[in-house]
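Per-entry structural report
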Amino acid sequence: MKVGFKTIGWRLTGRSPLGMGRSLVAQLMHILQDNRDVPVWLKTELVDLIVDKDRVVGAVVDRDGTSQRIRAEHGVLLGAGGFAQNDSFRREHQPVGDDWTSVAPGDEGDAIQIASDIGAELAMMDKSWWGASFKLEGDVQFSVWERSMPGCILVDQDGVRFANESTSYVDLGRKILEHDEKHGNAVPSWLILDNNHRKRYLFGDMPPGYTPSKHVESGDIIKATSLDDLADQCGMDADQLAETVDRFNGFAHNGIDEDFRRGDGIYDRYYSDPRVQPNPNLAPIENAPFWAIRMYPGDLGTKGGLVTDEHARVLRENGSVIDGLYASGNTTASVMGQTYPGPGSTIGPATTFSFVGMNHAAQRARRKERPSKVSSAQSEPVTETAGSE
Ligand SMILES: Cc1cc2nc3c(=O)[nH]c(=O)nc-3n(C[C@H](O)[C@H](O)[C@H](O)COP(=O)(O)OP(=O)(O)OC[C@H]3O[C@@H](n4cnc5c(N)ncnc54)[C@H](O)[C@@H]3O)c2cc1C
């Protein structure tokens, strides 16, 4: 209510506050523009890097249709995201393309490919920030809490459970892919819900207790009065589903998931219901109507990219540094490896290593320590652009 009243107050006085990620970005933009007077060019695409004697000394960009060469004597930092929206590039390295990604368009791996062309080493190209995702009216939605709350199970197309539904999104996404690779029946999988789940918890943007009939009519969501009918509509073996549900309901009553330890971990319990006991992640599937929705191996971005060192400098295959070239965020192979230690594992390292890299370049600039002795006159002819460094 406090936030609600404040928001109304802001609106009445003509202000539109930003929240969450947009607030973070807006504050960074404010620091750049108002406090430091740093120019920010939008609609400006990296096209190539300018290399002089193995050292990166600038970049070629396309600015609103005009090609410009920018001199950046002390370093270029690539922070142009990963390649989640580049279907063919993904399929070269990964088992899936861009069908179920939640990433914004434009995430096509340009920077990764451009740096690779000048000898940068790539790693972890087969990994992503995976996560179970569902589709409503064609829109992909990344599932964080829906599959974790009590009263649901994730099953393959044969009605068999194969993972801890409440584990981290990266682990669950990977489990879906691994199960599908072995058995060919997990893409899509089905999230089966007891009616208490639908009555009590938010699902995507559907409030508790309200499931628009258009989603059922379109077949995006399956609704059934019995588990047998649900299995039929999902095209799975009704006896197998009944066996899976029976076993799971036993776990829910005892509070211990003997198959996948759901609810044991502190991460699992972040999205749980403390009113449900003895295990806040486990409630039986027993109240009709029952619901089912397809779950796909989606992602919040790719994890593979340029290999960097502790100063965010880009490395070659032989481990040597590409002088003058830095990278951070999804343009790089993730410092987290294939795990998900917790919230912020993507934006945290992206901002940290941008800071570390540019600090490194700035310190070197201050010391006037230019590694190879390339003078301005020796470097390729470039268009000097105000503020380009
Ligand atoms: C729905 C969703 C929710 C998320 N929630 C969280 C969260 O809660 N916490 C968290 O830590 N992470 C979260 N993430 C992940 C996080 O948003 C990304 O990992 C992070 O934004 C990556 O940062 P980046 O700077 O590497 O790339 P991006 O944020 O993708 O920025 C790269 C930029 O480079 C631009 N670009 C691409 N190609 C070029 C080119 N050739 N020339 C110039 N510019 C180019 C792109 O347009 C883009 O603006 C979420 C992601 C999604 C999709």
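Bear in mind the structure is a predicted one, so any value in this text is a computation, not a measurement.

Moving on to the pairing of strand E7 (residues 139-142). With four bridges joining them, strand E6 (residues 128-136) and E7 adopt antiparallel strand pairing. In the sheet register, phenylalanine 134 faces E7, and the bridge partner there is glutamine 141. As consecutive antiparallel partners, E6 and E7 are separated by two residues, and within that stretch glutamate 137 has a phi angle of approximately 50°, a positive value.

So, about a negative patch on the surface. A grouping of Asp158, Asp228, Asp232, Asp237, Asp239, Glu243 and Asp246 is seen on the molecular surface, where their side chains present a negatively charged patch. Counting only elements with at least two residues in the negative patch, the list comes to helix H8 (227-234) and helix H9 (238-254). When residues in the negative patch are grouped by element, the largest group, three residues, is from H9. Its location among the elements puts aspartate 246 in helix H9.

On to helix H5 (residues 169-183), then. For an α-helix, the turn length of 3.6 residues means that residues three or four places apart are oriented alike. Across its 15 residues, H5 extends 21 Å between first and last C-alpha, which sits within 8% of the 21 Å expected from 1.5 Å per residue. Looking only at H5, the buried set comprises Tyr169, Val170, Leu172, Gly173, Ile176, Leu177 and His179. Once H5 ends, the next one or two residues include glycine 184, with phi positive near 65°.

A separate point is the domain arrangement of the protein. Reports of interface size often rely on the accessible area that becomes lost once the parts have come together. For the protein, the domain assignment lists domain 1 (20-127 + 303-366) and domain 2 (130-298). Computed over C-alpha atoms, the centres of domain 1 and domain 2 are 36 Å apart. If you sort the residues of domain 1 by the area they bury against domain 2, Trp100, Gln338 and Tyr340 come out on top, with a joint share of 58%. Linking domain 1 with domain 2 are zero salt bridges. Counting every contact that joins domain 1 to domain 2 gives one residue pair in polar contact (both at pLDDT 80 or more). By residue class, the composition of the side of domain 1 that touches domain 2 is four nonpolar, four polar and five charged.

Parameters at a glance
- Residues numbered from 1 in each chain as written.
- Predicted model: local features only at pLDDT ≥ 70, side-chain atom pairs only at ≥ 80, totals over all residues.
- Heavy atoms only, no water.
- Pairing = 2+ DSSP bridges.
- Helix = DSSP H or I, 4+ residues; strand = E, 2+ residues; numbered from the N terminus.
- Patch = residues over 30% accessible without salt bridge, like charges linked within 9 Å, V, L, I, M, F, W, Y side chains within 5 Å.
- Areas by Shrake-Rupley, 256 points an atom, 1.4 Å probe, with all protein chains shown as cover.
- Salt bridge = Lys/Arg side-chain N within 4 Å of Asp/Glu carboxyl O.
- Lys, Arg positive; Asp, Glu negative; His and termini not counted.
- Charge placed at Lys NZ, Arg CZ, Asp CG, Glu CD.
- Expected span 1.5 Å × (residues − 1).
- Buried < 20%, exposed > 50% of the residue type's maximum accessible area, 1.4 Å probe, protein only.
- Domains from an automatic or database assignment.
- Buried area = accessible area lost by both parts, 1.4 Å probe.
- Polar contact = N/O pair within 3.5 Å; in protein donor to acceptor, adjacent residues only side chain to side chain.
- Nonpolar A, V, L, I, M, F, W, Y, C, P; charged D, E, K, R; others polar.

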